[in-house]
Amino acid sequence: MATTVDDIDYSDIEAKYGFDNMLVVDGVPVIDKSKLEKLVARICKEFSRKGVSIKPEDVYMPWNDSTGKSQGFIFIEFKNVDDANLALAAMHNHPFDAKHQFKVNRFTDIERYANLDETYIEPETEEYAPREHLRAWLADPQGRDQYVTYRGEDVEIYWHGKPSQSELAMKPDWKDFLYVAWSPLGTYIATLHRQGVRLWGGSSWKPQQRFAHPLVKLIDFSPCEQYLVTWSNEAIVVPEGAPQGPQYLSPDDEGNNIAVWDIKSGDLLRTFSTVSENDSPAAKKQMQWPALKWSPDDKYVARVTAGQMISVHELPSMYLHGKKSLKIEGVVDFEWCPQGDRDREDAEKDALTPTNGAAKTVKKARENMLVYWTPEVANQPARVTLLGFPSRAILRQKNLFNVTECKLYWQNQGDFLCVKVDRHTKTKKSIFCNLEIFRVREKDYPVEVVELKDTVTDFSWEPKGERFAIVSSNDPNLGNPGPGITIKTDVSFYQLEHGKNDFKLLRTLPSRTSNAIRWSPRGRHVVLATVGSSSKSELEFWDLDFNVEDAGRREGQVSKEEWGSGIQLLGTADHYALTDVEWDPSGRYLATSASSWTHTLENGYAIWDFRGQEITKQIQDRFKQFIWRPRPRTLLTKDQQRQVRKNLREYSRTFDEDDAAEESNVSAELVALRKRLVDEWNAWRMRSKAEFFGDGAQRAGKEGKTHSETEEKEEIEVWIDEVIDQVEEEVVE
Amino acid sequence: MQYGPGCFLNNETAPVTYLPGKNGHERPLTQIKFNTAGDLLFSCSKDPVIDVWYSHNGERLGTYNGNNGAVWTVDVDSESRFLVSGSADNTLRLWSVASGKCLYTWEFPTAVRRVAFNEDNSKIVCITEQRMGYQCAIRVFEINREGDGTNQSEEPLYLFNPIGSKATVCAFTLTPNVIITGHESGKVALFNVETGQEIESNERAHSGKVTDLQLSKDRTYCITSSEDKLARIHDTKTLMVIKTYTTETPLNSAALAPTQPYVLLGGGQPADIVTRTSAREGKFETRFWHKVYEEEVGRVKGHFGPINTIAVHPAGTCFASGGEDGYIRLHHFDDSYFKAQPFGAIAAED
């Protein structure tokens, strides 16, 4: 028959057997026939090693008859399609030897791609659908803040303002998630599901983005909300047939725990493993979170490999900056310096001005900084180092001795850095504390030391301020917590003394039980709370500038007044068994909550004003979470803010009028509601009485009888003899 | 007295506290009840003795001895002639109020959880426990008021087994032979005792066990308390829920205050976890709620354990609470209670 291969009709065979179990392997060494057997045997071995066993008979190698050599590719027939798929996944890009890498394709694919239609069809342009403004909530005419509560299985988002303005904003029907979290500027709210993270936002709380990290447990947003870090305790496994693409985890990510995502595109940028190879099992301690620390401008993200190095990655490529990590022997922890408002303005100016020489007059924005510490190793003192980045220049180093532990605290404007050094005495029996305070804005970064005799359990800078508060304790029970033990603490405030440039004690509040300091986000006000105790749950509301009328003129005055005289207790309150304390972003209200994640006693939340007056209290079963929605930085310039402060009286007058009008409204409403309730009650009573006693006569007789009975009162006369006094007199005659 | 927007009880509301052991109950109280005149207060507890007290000064008048187990329930007729009690020793007993003699004893296979007289004292209803293969049963007995009361019929007038969740509390309504019941599932239902038929039911009245049911003076409505932390007022004819009082603790008892528009609620954390918490957390206070506005108006502290039972004097002059701690606390309302109008002057029907 004069048929060519092409003319043979295979369709019946294809239908019966198909070619789906055939793979084409390219990149096989080109050989002559003498080596055939050896090569095939080796290929079979390679495949078997990956879990797909094949026999030499299944391998077909085409030959170039003119040269007598092989063509560099082979066909392999597998037992079934599953084996073929497995081999495809396992052997594609498999390095066979130094020069050869397998390229595996399905037999059917090659045919399909060869016949692909080459004509270009222009994709249809999707019609532009305007999206909701993600910051719509800021345009609320009443200037209210929002908060989210998570109780049982229900999430509710509320507006919070004056009592009459507080209302439910949204009750979404989100299902099956661990908890909720706001992004740092309040743009998104995230829910953690089994399948991954979802972001919601906009005025109708539509889904905005999702990140498929299965079994995610922890998330962390970058400070400018551009990136998201997710963590799961389960190593990533990519099941067969899982969708692939830039937004999905790929087989390369298997075994890792941490993923970094781009929020706007939803793309996966990179994954990391929390376990490093040379970790000894004994060194396995609790993981630090956030495991990746962001520079304040979202340009870098860094992580520490304890004892070895800090690795800084550039965004958005996620490549290692400078292609190498900062090798620091013994490094334990580090922190990025936050960006102050001033720095941010400078950086924005920098970005606007062209980078040629003309911009010399503009002050260059401050470089990113990070601080790290290393413990004492082999005759080397412990050391705190301030490092510029990306220049990697060491700006300041300080040696420390007898160090047990260091904690790094930046003031939120990046003006000061406090290193809390827990030091031990020579005998290592007792621990005391030094505060090493770096004044970062000054030349040569001067360091001040505050020495304390007690153990410091909490430290907190005043936001945008020059003060800090510490909780210290010399309670013998410190360090062995037990049920019913409440540790006695002292709370102290310190302030920078401008003349002498050192931090001086403002005041100590002795014998408290407070263990948490919460500064108002605007500074000045601070709340001391006793958290996590079963017997004490006090809240103290303090004002540190009680005598100063305008916070804007604060600096000059303080030195003239008596040191520390402006500290005033505004109020105390009690929220039984509270677990969380949080200021609202405006610094006007404080929320305390008792979460059922910690205990099941009186779960719920309360909102207080800054003076400690209770605004609302909700006791709710199975209450879990309360979070204020953060606000982004103000858009007003410094001058505009000053104007607002200057004209405060005029503004407040209009607000007062509003308040008065509303108050009368509210009470009128309440009176009306109560009247309605009484009317409804009375109407129902009349109705039900009429139903039962409609026949009247018989019933009335009965009632009358009982009435007359009760009215018959017995009169009893009782004589009481009472000896008031008894005096024995002896009469002598 | 503390808490609440319109506190009306102050420290002058002097409680009379009965010491346990010496002359009173040693075990948790189970039910307390005023007689119609209000001069006597009957109490039963997990010890086998029923006590009767003078309500004006708290002096104990006497005891009713004869039970061999915890006494779960007690009720007195409107003439204060007969007392009926139900006990864990599987007996229902009829007592003479005046002499303290046990007049008649009925024996059942399981414990008696609740007893109640009807309006004209001619019948009593009792609920027996579902246990040991026996179903929960509701029996109605005719009470022969002729003679000395010892001549009672052994057989119940009616007997039926409510289907579904077992009944925990019950009372006669105004309609002859119709009782209102509260069930373990939270259901509140109306039964015709003649036929055993369920006339009306509200399956979702509560989401936990109904712990108490007390009728208004005219029996047209009732208040129920439940483990689901709610107390509710129901219409006894339609079972419509009229009012709901939402508290933060499981409730064991709810009572209606005559003359004043308040309801009294009592409860606290269940006894098994109470030992791990302080009195502060337990919420062992009697709470006063405004009957119409459904708002809490005050609390009365005092018990060291959950409150198991509350009763209000029929004239509304005092109230008593019985606790898991074995104490009965009797409080006489002071003038301010009657004068106070926590939410402005209103004229709500009783």
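Quick caveat: nothing in here was measured; it's all calculated off a predicted structure.

**Q** Requested: an account of the overall build of chain A, with residues and values cited.
**A** Helix and strand counts for chain A stand at nine helices and 42 strands. Across the 733 residues that make up chain A, the buried fraction comes to 41%. Within chain A, counting contacts between residues at least 6 apart in sequence, those at least 24 apart form 50% of the total. Surface exposure of chain A reaches about 43600 Å², of which carbon and sulfur atoms provide 50%.

**Q** Which residues make up the overall build of chain B, and what values go with them?
**A** Tallying secondary structure elements over chain B gives three helices and 28 strands in all. For chain B, buried positions account for 61% of its 350 residues. When contacts within chain B are restricted to residue pairs at least 6 apart in sequence, long-range pairs at least 24 apart make up 47% of them. With an accessible surface of roughly 13400 Å², chain B has 47% of that area assigned to carbon and sulfur atoms.

**Q** Summarise the UniProt feature "repeat: WD" (unreviewed entry) in chain B; cite the residues concerned and give the values.
**A** Taking the numbering used here, the UniProt-annotated feature "repeat: WD" (unreviewed entry) corresponds to residues 22-63, 64-105 and 300-330 of chain B. Spanning residues 300-330 of chain B, this segment combines 0% helix with 52% strand, and its end C-alpha atoms are found 11 Å apart.

**Q** Requested: an account of the pattern of salt bridges, with residues and values cited.
**A** Tallied over the entire structure, the rule returns 50 salt bridges over all chains. Of the charged contacts in the structure, one is a salt bridge between A:Lys293 and A:Glu335, with a shortest N-O distance of 3.3 Å. Placement of A:Lys293 in strand β18 (residues 293-294) and of A:Glu335 in strand β22 (residues 333-336) is noted, with a sequence separation of 42 residues between them. Note on A:Lys293: relative accessible area 10%, which makes it buried. Between A:Asp415 and A:Arg441 there is a salt bridge whose closest N-O contact spans 2.7 Å. Separated by 26 residues along the polypeptide, A:Asp415 in the loop between β26 (403-410) and β27 (416-424) and A:Arg441 in the loop between β28 (431-439) and β29 (447-452) bring together distant segments of the chain. Residue A:Asp415 is classed as buried on the basis of its relative accessible area, which comes to 16%. One network of salt bridges, with partners in common, ties together B:Glu248, B:Glu285, B:Arg287, B:Glu296 and B:Arg299.

**Q** Give a detailed account of the interface of chain B and chain A, specifying residues and quantitative values.
**A** Each partner contributes to the interface: chain B provides 30 residues, whereas chain A provides 22 residues. For the pair chain B and chain A, the two sides together bury roughly 2400 Å², of which 58% comes from carbon and sulfur. Between chain B and chain A we count three salt bridges in total. Measuring nitrogen to oxygen at the nearest pair gives 2.8 Å for the salt bridge that ties A:Asp621 to B:Lys229.

**Q** Residue-level account of the sheet that holds strand β21 (residues 241-246) of chain B, with values.
**A** All names here are of chain B. Across the sheet, which stays open at both edges, the four strands sit in the order β18-β19-β20-β21 with antiparallel pairing between neighbours. Lying at the two open borders of the sheet, with one neighbouring strand each, are β18 (210-215) and β21. The average undirected angle you get between the axes of adjacent strands in this sheet is 15°. Sheet topology places strand β20 (residues 230-235) next to β21; five bridges connect them, and they run antiparallel. When the bridges of β21 are listed, Ala-231 appears paired with Tyr-245.

**Q** Tell me what's going on with the confidence of the model for chain A, and back it up with residues and numbers.
**A** All names here are of chain A. Of all residues in chain A, 88% have pLDDT values of 70 or greater, and the mean over the chain is 82. Residue range residues 551-559 is modelled with pLDDT below 50. Its contacts to residues more than four positions away, or to other chains, number eight contacts. Contacts for the low-pLDDT stretch residues 696-710, under 50 throughout, to residues beyond four places or in other chains number five contacts.

**Q** Which residues make up the pairing of strand β15 (residues 227-231) of chain A, and what values do they have?
**A** Residues and elements named next belong to chain A. Within β15, five of the five residues are buried, which leaves it mostly tucked inside the rest of the structure. Residues of β15 alternate between two faces, with Tyr-227, Val-229 and Trp-231 on one and Leu-228 and Thr-230 on the opposite face, all of them buried. Looking at chain direction, strand β14 (residues 218-221) and β15 are connected through four bridges and run antiparallel. By the bridge assignment, Leu-218 is partnered in β15 with Trp-231. Connecting β14 to the antiparallel partner β15 that follows it, the hairpin turn spans five residues, and Glu-225 within it adopts a positive phi of roughly 65°. Note that β15 and strand β16 (residues 258-262) share five bridges and pair antiparallel. Note that in β16 the partner of Leu-228 across the bridge is Trp-261.

**Q** Hey, could you go over the environment of A:Val526 for me, with residue numbers and the actual values?
**A** All names here are of chain A. Along the chain, the position of Val-526 falls in strand β35 (residues 525-529). Taking relative accessible area as the criterion, Val-526 reaches 1% and is therefore assigned buried. A C-alpha to C-alpha distance of 7.8 Å links Val-526 and Leu-544, two positions 18 residues apart in sequence. Residue contacts for Val-526: discarding those within four places in its chain leaves Phe-493, Ile-517, Arg-518, Trp-519, Glu-540, Phe-541, Trp-542 and Leu-544.

About the criteria used
- Residues numbered from 1 in each chain as written.
- Chains lettered and ligands numbered in written order.
- Predicted model: local features only at pLDDT ≥ 70, side-chain atom pairs only at ≥ 80, totals over all residues.
- Heavy atoms only, no water.
- Helix = DSSP H or I, 4+ residues; strand = E, 2+ residues; numbered from the N terminus.
- Buried < 20%, exposed > 50% of the residue type's maximum accessible area, 1.4 Å probe, protein only.
- Contact = heavy atoms within 4.5 Å.
- Areas by Shrake-Rupley, 256 points an atom, 1.4 Å probe, with all protein chains shown as cover.
- UniProt positions renumbered as here; feature names shortened; annotations may be inferred.
- Salt bridge = Lys/Arg side-chain N within 4 Å of Asp/Glu carboxyl O.
- Buried area = accessible area lost by both parts, 1.4 Å probe.
- Pairing = 2+ DSSP bridges.
- Axes fitted to C-alpha atoms, helices over the stretch in contact; angles between N-to-C directions.
- pLDDT = per-residue confidence, 0-100.

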